[in-house]
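Tertiary structure, described
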Amino acid sequence: MQVKIGDIVEGKISGIRQYGIFVRLDSKREGLIHISEIHGGYVKDIGREYQVGETIKVQVLDIDPYSNQISLSRRAVLPEVHLDVQFCQK
């Protein structure tokens, strides 16, 4: 699978660490979703929300031309959450 920056693709979670999620895009390519790109807001325990083997949709943020490391975002493909300002005010 040839991927480029901006592509939205599906992949399978191959590993979960404190700093992010590794996603297998195909038999040759794997990328990392840094913890800051999982979703908006604080992520306390990634393992509670995601499981190894789960298929997820991600967006390609960057591809390092020298190391071929792929940076991914889950947050970019999730719908935005808007809070009702009146509800939040006292």
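Below or above, wherever it landed, is the structure these notes cover. Everything numeric here is computed off the predicted structure, so don't read it as measured data. (Residues numbered from 1 in each chain as written. Predicted model: local features only at pLDDT ≥ 70, side-chain atom pairs only at ≥ 80, totals over all residues. Heavy atoms only, no water.)

For the rest of this paragraph, the subject is the nonpolar core. Ile21, Ile33 and Leu72 are the most contacted members of the largest nonpolar core, which totals 17 residues. Among residues more than four places away in sequence, those in contact with Leu72 are Val23, Leu25, Gly31, Leu32, Ile33, His34, Glu37, Val58, Gln59, Val60 and Leu61. (Core = buried A, V, L, I, M, F, W, Y, C linked by side-chain atoms within 4.5 Å. Buried < 20%, exposed > 50% of the residue type's maximum accessible area, 1.4 Å probe, protein only. Contact = heavy atoms within 4.5 Å.)

Next up on the list: the packing of aromatic side chains. For the coordinates displayed, the defined rule picks out one aromatic pair. Considering the side-chain rings of Tyr19 and Phe22, the 6.2 Å spacing of their centres and the 90 degrees angle between planes classify their relative orientation as edge-to-face. Judged by relative accessible area, Tyr19 falls into the partly exposed class, the value being 41%. (Phe/Tyr/Trp six-rings, centres within 6.5 Å; stacked < 30°, edge-to-face > 60°.)

Quick look at the pairing of strand E5 (residues 70–73) now. Here strand E3 (residues 30–34) pairs with E5 via three bridges, running parallel. By the bridge assignment for E5, Ile33 is matched with Leu72. Pairing of strand E4 (residues 55–63) with E5 involves four bridges; the strand directions are antiparallel. Residue Ile63 lies in a different strand from E5, and its bridge partner there is Ile70. What sits between E4 and E5 in their antiparallel hairpin is a turn of six residues, with Asn68 showing a positive phi close to 65 degrees. (Pairing = 2+ DSSP bridges. Helix = DSSP H or I, 4+ residues; strand = E, 2+ residues; numbered from the N terminus.)

Taken in spatial order, the five strands of this closed barrel run E1-E2-E3-E5-E4, and their pairing is mixed. Adjacent strand axes in the sheet meet at a mean angle of 55 degrees, parallel and antiparallel pairs treated alike. (Axes fitted to C-alpha atoms, helices over the stretch in contact; angles between N-to-C directions.)

Turning next to unusual backbone geometry. Positive phi, normally seen in glycine, also occurs at Asn68, with a value near 65 degrees. Turning to its location among the elements, Asn68 is positioned in the loop between E4 and E5.

Glancing now at the environment of His39. Counting through the fold element by element, His39 comes out in the loop between E3 and helix H1 (46–49). Not counting residues up to four positions away in its chain, the partners in contact with His39 are Glu49, Arg75 and Leu78. Within the structure, the side chain of His39 is placed 3.2 Å from the side chain of Glu49, a separation counted as a polar contact. (Polar contact = N/O pair within 3.5 Å; in protein donor to acceptor, adjacent residues only side chain to side chain.)

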